[in-house]
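Residue-level listing of the chains:
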Amino acid sequence: MKKRVLIPILVLCLLLLSLWLYLRQEAPADPINYQAMVSDDQVTVTESKDDIVFTPAGGKTTVALVYYPGGNVAPQSFAYAGRGIAEAGFQVIILKVPFALAIFDIGAAYPYPDRYPEIEHWYLSGFSLGGTAACFALAKQDTRFEALILYASYTDAKHSLRDAGLRVLSISGSNDGLATPQKIEAGKAFLPSDTRFLVIEGANHTQFALYGGGKIQKNDTKAGIEAMAQQKLVIEHTVAFLQESLQ
């Protein structure tokens, strides 16, 4: 009788342990990101338990980008790109989410428009699972976010943004083994008809942020472009889209 009771308990404990270990797996950000998190005369960087904020020198900006990190990826992995975007004159807010999984707190971005009343134009964004969480957040309730940027990500029919009235930019990679070109194509049906789709030739999934010490993420494919070249294009396309709000 005791064995019958103990076996299910042991199985449950093993399952819980496996889940805990999975949730603890966070791909570390590459060192170059931490160099980008040092304040200077161009960008002020502040970090708290909730976020990492990049503010252009002088703090005079009316446009902000809030970013959900990819699943099981350190939020600092977007710091290099975040700084590059901030140097162009835009505030960037990288969210820190529970267990490095934005899906556990899709509403993390909701309070930010009230925290920064001087910002007039709000953009939501995310990489991979973080982009999906951003879509879920916008589909769940009305917000003050007027635009969305997806990095190697897409949404589904249940969380369709087809009629959301948002400006959307989707940046994906031709060599992405996770958010594959086929998945990006299938996801078009759930985004506004005027969504802008940009494909970076040679880009893979892993290099949309800088993490893992140069190792390719599981199930991803080899890139046909250098990581820093891919990051440069991510920054350029993002900045161009943000600048449209000032025209």
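All residue numbers refer to position in the chain's written sequence, counted from 1. Only residues with pLDDT of 70 or above have their local features reported here, since the model is predicted, and side-chain atom pairs are shown and tallied only from 80 upward, although totals for entire chains, interfaces and linings are computed over all residues. Computation of side-chain values covers all heavy atoms of the structure but excludes hydrogens and water.

A. Quick peek at the environment of V63. Structurally, V63 can be placed in strand β3 (residues 63-68). When a residue's accessible area, from a 1.4 Å probe over protein chains only, is under 20% of the maximum for its type it is buried; when over 50% it is exposed; and in between it is partly exposed. Taking the relative accessible area as the measure of exposure, V63 reaches 1% and is therefore buried. Here the alpha-carbon distance between V63 and S245, two residues 182 residues apart in the chain, equals 7.8 Å. Residues contacting V63, with those up to four places away along its chain left out, are F90, Q91, I119, H121, Y123, L242, S245 and L246. By definition, any uninterrupted DSSP run of H or I lasting at least four residues is a helix, any uninterrupted run of E lasting at least two residues is a strand, and each is numbered from the N terminus. Contact definition: two residues touch when any of their heavy atoms are within 4.5 Å.

B. Structural context of unusual backbone geometry. Phi is positive for N72, close to 60°, though the residue is something other than glycine. Relative to the elements of secondary structure, N72 occurs in the loop between β3 and α3 (79-87). Residue class for N72 comes out buried when judged on its relative accessible area of 14%. In the Ramachandran plot, S128 falls in the positive-phi region, its phi being about 55° despite a non-glycine side chain. Note on placement: S128 falls in the loop between β5 (121-127) and α5 (129-140).

C. α3, seen in detail. Taking burial as the measure, the 9 residues of α3 include 7 buried ones, the bulk of the element. Here α3 has its buried residues at A79, A81, G82, R83, G84, I85 and A86. Structurally, α3 contributes buried residues whose contacts are with α2 (31-36), β1 (43-47), β2 (51-56), β3, β4 (91-95) and α7 (227-243).

D. Spotlight on the pattern of salt bridges. Salt bridges are identified by distance alone: a Lys or Arg side-chain nitrogen within 4 Å of an Asp or Glu carboxyl oxygen. If you walk through the whole model with that rule in mind, you get 8 salt bridges. Its salt-bridge partner being E47, residue K96 comes within 2.7 Å of it at the nearest N-O pair. Of the two residues, K96 sits in the loop between β4 and α4 (112-115) while E47 sits in strand β1, which places them 49 residues apart along the sequence. Between R83 and E87 there is a salt bridge, with its nearest N and O atoms 3.1 Å apart. Pair noted here: R83 and E87 are both in helix α3, with a separation of 4 residues, about one helical turn.

E. Inspection of the sheet that holds strand β7 (residues 167-173) at higher detail. Two strands qualify as a pair provided DSSP detects at least 2 bridges between them. Pairing is mixed in the open sheet, where 8 strands are placed in the order β1-β2-β4-β3-β5-β6-β7-β8. Looking at strand neighbours, the two that pair on one side only are β1 and β8 (196-200), the edges of this open sheet. Sheet twist, expressed as the mean angle between neighbouring strand axes with direction ignored, is 15°. The sheet contact formed by β3 and β4 spans 4 bridges and is parallel. Note on β4: the bridge partner recorded for V66 is I93. Here, axes are lines fitted to C-alpha atoms. For helices the fit covers the stretch in contact, and angles between N-to-C directions go from 0 to 180 degrees. Relative to the sheet, α3 contacts β1, β2, β3 and β4, its axis offset from that of β2 by approximately 25°.

F. Representation of the side chain of T61. Looking at the secondary structure, you find T61 in the loop between β2 and β3. Each polar contact in these results corresponds to two N or O atoms within 3.5 Å; when the atoms are within protein, one needs to be able to donate a hydrogen and the other to accept it, and residues that are neighboring in sequence are counted only if both atoms are side-chain atoms. A distance of 3.3 Å separates a polar atom in the side chain of T61 from the backbone oxygen of V63. One polar contact links the side chain of T61 to the main-chain carbonyl oxygen of G89, over a distance of 2.8 Å. Apart from residues no more than four positions distant in its own chain, T61 is found in contact with P56, G89, F90, Q91, E118 and I119.

G. Highlighting the environment of A139. The topology assignment puts A139 in helix α5. What makes A139 partly exposed here is its relative accessible area of 34%. In the structure, A139 is positioned 25 residues away from A164 in sequence and 7.7 Å away in space, judged by C-alpha atoms. The contacts of A139, once residues within four sequence positions are left out, are H159, S160 and L161.

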